[in-house]
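Residues per chain, in single letters:
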Amino acid sequence: MIRTANLSKRFGGVEAVQSLNLMVREGTAYGLIGPNGAGKTTTMAMLATLLAPSEGKAWIGGWEVREHPDEVRRIIGYMPDFFGVYDQLTAEEYLAFFAAGYGIEPSRREGIIIRLLELVRLTDKRDTYVDHLSRGMKQRLGLARCLVHEPRLLILDEPASGMDPRSRIELWSILRELKAMGKTILISSHILPELAGFCDAIGVMEQGKLVADGDVQEIMNRYQAAGRTVEIHLLEDAERAVKRLEKEEGITSLRVEGRKLTVELEGDEHRQAELLSRLIAEGISIYRFEETATDIGEVFLKIAGNGEDERP
Amino acid sequence: MNRWSRVWDDPVLNKEFRQRMRFARTPWILFLYLGAMGLLIFTYMLILQEKKDFLDPEMNRMLLMGLALIQLLVLSFVVPGLTAGTISGERERQTLSVLLTMPLSSGGIILSKWCASLAFVFLLIIASLPLYTAVFLFGGISPGELLYTFLHLLVTVCFLGGLGIFFSSLIRRTGVAMVTTYGAVALILVGIPVALFLIALFYDRFLDTSLQDIPLPIELLSGLHPVITQLAVFYGHQMGLDQQWRIDIYWLYVSAYALLTVGLLVAASYFLSPARWKKWSFFSSRGSLKKGPKDPG
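The structure displayed is predicted, hence computed values, not measured ones. (Residues numbered from 1 in each chain as written. Chains lettered and ligands numbered in written order. Predicted model: local features only at pLDDT ≥ 70, side-chain atom pairs only at ≥ 80, totals over all residues. Heavy atoms only, no water.)

Visitor: Describe the overall build of chain A, listing the residues and the values that go with them.
Guide: A count of helical and extended segments in chain A gives eleven helices and 15 strands. Here chain A, with 312 residues, has 53% of them falling under the buried criterion. Contacts in chain A between residues at least 24 apart in sequence constitute 67% of all its contacts with a sequence separation of at least 6. Looking at chain A as shown, the accessible area adds up to about 13300 Å², and 48% of this sits on carbon and sulfur atoms. (Helix = DSSP H or I, 4+ residues; strand = E, 2+ residues; numbered from the N terminus. Buried < 20%, exposed > 50% of the residue type's maximum accessible area, 1.4 Å probe, protein only. Contact = heavy atoms within 4.5 Å. Areas by Shrake-Rupley, 256 points an atom, 1.4 Å probe, with all protein chains shown as cover.)

Structure (structure tokens):
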């Protein structure tokens, strides 16, 4: 659905995006993560035809973005990180404005608007002035606006930023519905665990470069392979287990809290299995041995912290 | 939908109309504009009544000319205020990026914004027409003079609207765009007479002491000044336009400002978003679509 080839954008001497090669399959959700200034918003603005790339090309639904911007605009729904609304319009008029802008016949508009307001849980706000809606409601109305022309691709730049927890839950629930409907979604966010639960693939951007991309689990595995954290809960004092572990190779750190040991271990699942067998063979009583779930935020920090291209 | 239905269904035009008429200040602008115009006419007639010139057709011509000039000057202040924030305001409210992701051409957006702003100005002018009926009570005005006066006003308003939208598109901040637009209007209203004075002084001192032949730069610059050209409608003969002047400054004004308006609107559509501007799509409100994607990969 999205393909970019060496996509770059320069603002004066600053390279906001550098030779970006991205591929997003139809019907999947792709998350772009990275700190502020990483180039996520610039990338999305180029894909949404708002900025002309300095170099490289991008295709959306097969259309080259710079050569066929009108065709691209018809198949994308773009929601910027900060967007205003027309305060003097009601929610219905706001959506009708965009429906007309996308050339939808007047006879079809009302039905579309009713369905969209239902989808974003704003049916009862149909005749309310946009000015009187809460931030979360405006954000959902903005999402409905993106959907007015039934786009195949949604480009959502930090859609949950600044929302209260309840509104965020509602928004993610709507996004899940949209994903289930088969929409392709390119989304950026700082709420990384939410992205991990939602996206099929992620790309990590840092200083205009895509420093890692691929399947969420695959990326986590790749960076976990360098070291995983395992918690070992014992039925006895930690002394024997510590002595055994100190002899073990590939252990980069060991922390003892009573009968709980936190071990950072190089290698994958097989290495963990080996360690467990050895401890049991020594007769150490273990009642729990588990890898702590790696937060995608930690993975992101690890990748971004390296500051160099770590793509395989 | 046929072409006319599309014009009426133009989303930007509809939205602008709706929004503008919902502003609390809109009826106040209308009220104050008509009130000020009415007060001026009433005061003028009161003065005439006291001078016993009440039924003098020449005084009546002066009333119409005065009305036209006052309207011209008032609109020189009103129109930039209405138009200089149309695009920069969208930028400041962060609604422009969303607007630009719709398949509307930049030219279409600019034209709709321009038409919507001018529609309100025309509402002001049309609402003030009954005040002009005072002029018809006493005669002395030819239909041609009235027609020329309104054509002049129409061209001026269109140009001022184009100027406001151009600066609004070029400059990111509404405040700066508005000040620049007023600056440009002041340059025309005050700068041209100053330039005329200096040129006349130059000719008088160094080139030609006789002003029997009007120097060409003076004719050209006069043809760019709204007040001088408006005066020419009523006092062209007294100004010697039909004898000494080589150029018909009224038509120079109308054609020059009509062309300038088109130029300003095209430039505004370019500055709206240089990334999406297309040379030939200015007059199409919706972008053209091609069939079938062309992704090589």
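Visitor: Tell me about the sheet that holds strand S11 (residues 209-215) of chain A, and please be specific about residues and values.
Guide: Residues and elements named next belong to chain A. What the six strands build is an open sheet, ordered S7-S8-S9-S4-S10-S11; its pairing is mixed. Among the strands making up the open sheet, the edge pair consists of strand S7 (76-79) and S11. Each strand axis lies, on average, 15° off the axis of its neighbour in the sheet, ignoring direction. In this structure, strand S4 (residues 29-33) lies alongside strand S10 (residues 201-206), joined through four bridges in parallel fashion. Pairing of Leu 32 across the sheet is with Gly 203, part of S10. Across the face of the sheet, helix H5 (residues 135-147) comes into contact with S7 and strand S8 (153-157) while running at roughly 160° to S7. (Pairing = 2+ DSSP bridges. Axes fitted to C-alpha atoms, helices over the stretch in contact; angles between N-to-C directions.)

Visitor: Outline a nonpolar patch on the surface, listing residues and values.
Guide: A cluster of nonpolar side chains, Val190(B), Val194(B), Phe197(B), Leu198(B) and Leu201(B), forms an exposed patch at the surface whose accessible area comes to about 460 Å². Mapping Leu198(B) onto the fold places it in helix H9 (residues 174-207). (Patch = residues over 30% accessible without salt bridge, like charges linked within 9 Å, V, L, I, M, F, W, Y side chains within 5 Å. Salt bridge = Lys/Arg side-chain N within 4 Å of Asp/Glu carboxyl O.)

Visitor: How would you summarise the sheet that holds strand S12 (residues 228-234) of chain A if you had to cite specific residues and measurements?
Guide: Residues and elements named next belong to chain A. Pairing is antiparallel across the open sheet formed by four strands, whose spatial order is S13-S14-S12-S15. Bordering the open sheet on either side are strand S13 (251-257) and strand S15 (286-291), each of which pairs with just one other strand. Averaged over all neighbouring strand pairs, the angle between strand axes comes to 15°, with direction disregarded. Where S12 lies against S15, five bridges are found, and the strand directions are antiparallel. Bridge pairing in S15 places Glu 231 opposite Glu 290. Where helix H10 (residues 269-281) meets the sheet, its contacts fall on S12, S13, strand S14 (260-265) and S15, and the angle it forms with S15 comes to roughly 165°.

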